[in-house]
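Inside the fold
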Amino acid sequence: MFCFQCEQTAKCVGCTNEMGVCGKKADTAELQDKLTGALIGLAKTMEGNEDQAGDSTAAVVVEALFATLTNVNFDNDALLAMMGRVDAEKQKLAPESGEDNDYDMDKLWNADEDIRSLKSLILFGIRGVAAYAYHAAVLGYTDEAIHNFLYKALRAVGTDDWGMDELLPIVLEVGEVNLACMALLDKANTETFGHPEPTEVSQTVEKGPFVVISGHDLHDLKLLLEQTEGKGVNVYTHGEMLPAHAYPELKKHSHLKGNFGTAWQNQQKEFADLPAPVLFTTNCLMTPKESYADRVFTTDAVGYPGLQHIGSDKDFSPVIEKALELGGFDDDTTLSGINSGDAVTTGFARNTVMSVAETVIDAVKAGAIKHFFLVGGCDGSRPGRNYYTEFVEQTPKDTVVLTLACGKYRFNDLDLGTIGGLPRLMDVGQCNDAYSAIQIALALADAFDCGVNDLPLSMVLSWYEQKAVCILLTLLHLGITGIRLGPTLPAFISPNVLNFLVEKYHIAPITTPEEDLKAILG
Ligand code: FSO
Ligand code: SF4
């Protein structure tokens, strides 16, 4: 196998043995490559005839790209079923085509390192875009232009004689299309569930039966809340589902009680003794330990051999029955150790922050707020991620920290105090709510009549998987410079591509919190 798409890849070079660091086995990695090769074949089949591609074509492309994201689908049977759907689409569009134009992914992994680097940015980036497109689609929001770009990008990955000149513009186009896709998801989420409001979320699990729901899919949470209504089963969020508490149409359910646990990489420890089932709606699923595997359920593009999968009928009865059978804690319980606060706050998305824009602008003009930091991105288990906790702890009192995605669990229980009535630490939401953070930055730039790069704003990002790749490309597409990235740089960035990013966008690897803060605040 060869896979180097995520931050924890073996030796910072690539997973090549019988099993990746994430637990993905060689046969699964090879199947994921075959599936990707088949998607490229499908995209080639429809070149010039995109209008003939129907909803089912888009659906399988989006779902299959999503399934190959890190920590989503480890289930060979599920991957084979997706292959079957891809072939069926191909047959429909070009009955004579067969498997002939499937792409051999080894050609990509063995290509010249700069070409491999640019194509990897495209492929990994569109895997992230597809995840967001999936969440929007389940709420009924789709955009043909996004689908057409996915096909175009797949064809680019499968074109052997393209060089830097052809590939680089498509790399940046991934960022542009991802911005459109995050905007679509923001529209889907806010039109369906209302605008997030600042909300305090309890970290105490009340006694009695409960379900823990993890991942990014708000639609699944809504259905679970409806199906658990009146059954004496409470619901707790986990990982990236935490910001769901801020949406009026979700928080109105009184049995959506709080949040359990922290970021994804702590799940094996946090779920070990959990007297409740856990439902995974997206990444990041880790190999379940035997001690709790019978309590883990998957849905959507997520899969793991032997785990119970809830299909598209979204009948969560097995999850609810499991919750009743396990019975929950005997007493109210707060997880201690990793993130020990009793409550955390979320819901500072664009609507909330812009509603107090005048206060913020006045505070900047009066010198009360000297700088904004966006400290966001993924968490992970590699050492070196303490940087982000220490960075936030050391930010001066006259600065504001916006955060998003699961990296926030390293510091979202810190009490950083307030500035002018606003908390100094504000959780904007999930990783896709980078869209919200961008809108806040653009509004500030507008108010100060300057560009985003001229604002007293610095972005200090952490990456782990492919959604972070597409978000980074969006920021580059917007021309944002000076981003600090860690904990390590992606293995798929070749030295020449890195030079380009450093020269054009002044991307810098993180160093130490002290040094970086000194450099930023001058
Ligand atoms: Fe975290 Fe995982 Fe949202 Fe990523 S849950 S690491 S950026 O998948 O998706 O933030
Ligand atoms: Fe390795 Fe990451 Fe690929 Fe898993 S997803 S095999 S950890 S590079």
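Our subject is the structure that appears above.
Residues numbered from 1 in each chain as written. Chains lettered and ligands numbered in written order. Predicted model: local features only at pLDDT ≥ 70, side-chain atom pairs only at ≥ 80, totals over all residues. Heavy atoms only, no water.

1. Points about the layout of surface pockets
Taken as a whole, the largest pocket holds about 320 Å³ of empty space. If you trace the largest pocket, you find 19 residues lining it, with Asp55, Ala58, Ala59, Thr142 and His147 closest to the centre. Within the residue set of the lining of the largest pocket, elements represented by two or more residues are α2 (55-67), α5 (113-138) and α6 (144-157). Counting residues per element, the lining of the largest pocket draws most heavily on α2, which supplies 5 residues. A class-by-class count of the residues in the lining of the largest pocket yields 9 nonpolar, 4 polar and 6 charged. (1 Å grid on protein atoms, 1.4 Å probe; cavity = no way out; pocket = protein on both sides within 12 Å on 5 of 7 lines; lining within 4 Å. Points joined across faces, edges and corners; volume = space filled by probe spheres on them. Helix = DSSP H or I, 4+ residues; strand = E, 2+ residues; numbered from the N terminus. Nonpolar A, V, L, I, M, F, W, Y, C, P; charged D, E, K, R; others polar.)

2. Thoughts on the sheet that holds strand β16 (residues 457-462)
Judged by pairing direction, the sheet is parallel, and its 6 strands sit side by side in the order β15-β12-β11-β16-β17-β18 without closing on themselves. Looking at the sheet topology across the chains shown, the edges are occupied by β15 (425-429) and β18 (508-509). Sheet topology places strand β12 (residues 399-404) next to β15; 4 bridges connect them, and they run parallel. Bridge pairing in β15 places Val401 opposite Leu425. Sheet contacts for helix α18 (residues 513-521): β11 (371-377), β16 and β17 (484-486); angle to β11, the most-contacted strand, approximately 140 degrees. (Pairing = 2+ DSSP bridges. Contact = heavy atoms within 4.5 Å. Axes fitted to C-alpha atoms, helices over the stretch in contact; angles between N-to-C directions.)

3. Remarks on unusual backbone geometry
A cis amide bond links Asn283 with the next residue in sequence, Cys284, at an omega value of 20 degrees. Within the element layout of this structure, Cys284 appears in the loop between β6 (278-280) and β7 (296-299). In this model, Gly486 is joined to Pro487 through a cis peptide bond whose omega is 0 degrees. The phi angle at Asp300 is positive, at roughly 55 degrees, despite the residue not being glycine. Structurally, the position occupied by Asp300 is in the loop between β7 and β8 (308-310). For Asp300, a relative accessible area of 9% translates into the label buried. Located in the positive-phi region is His506, a residue other than glycine, with phi close to 50 degrees. Assignment of secondary structure puts His506 in the loop between α17 (495-505) and β18. (Buried < 20%, exposed > 50% of the residue type's maximum accessible area, 1.4 Å probe, protein only.)

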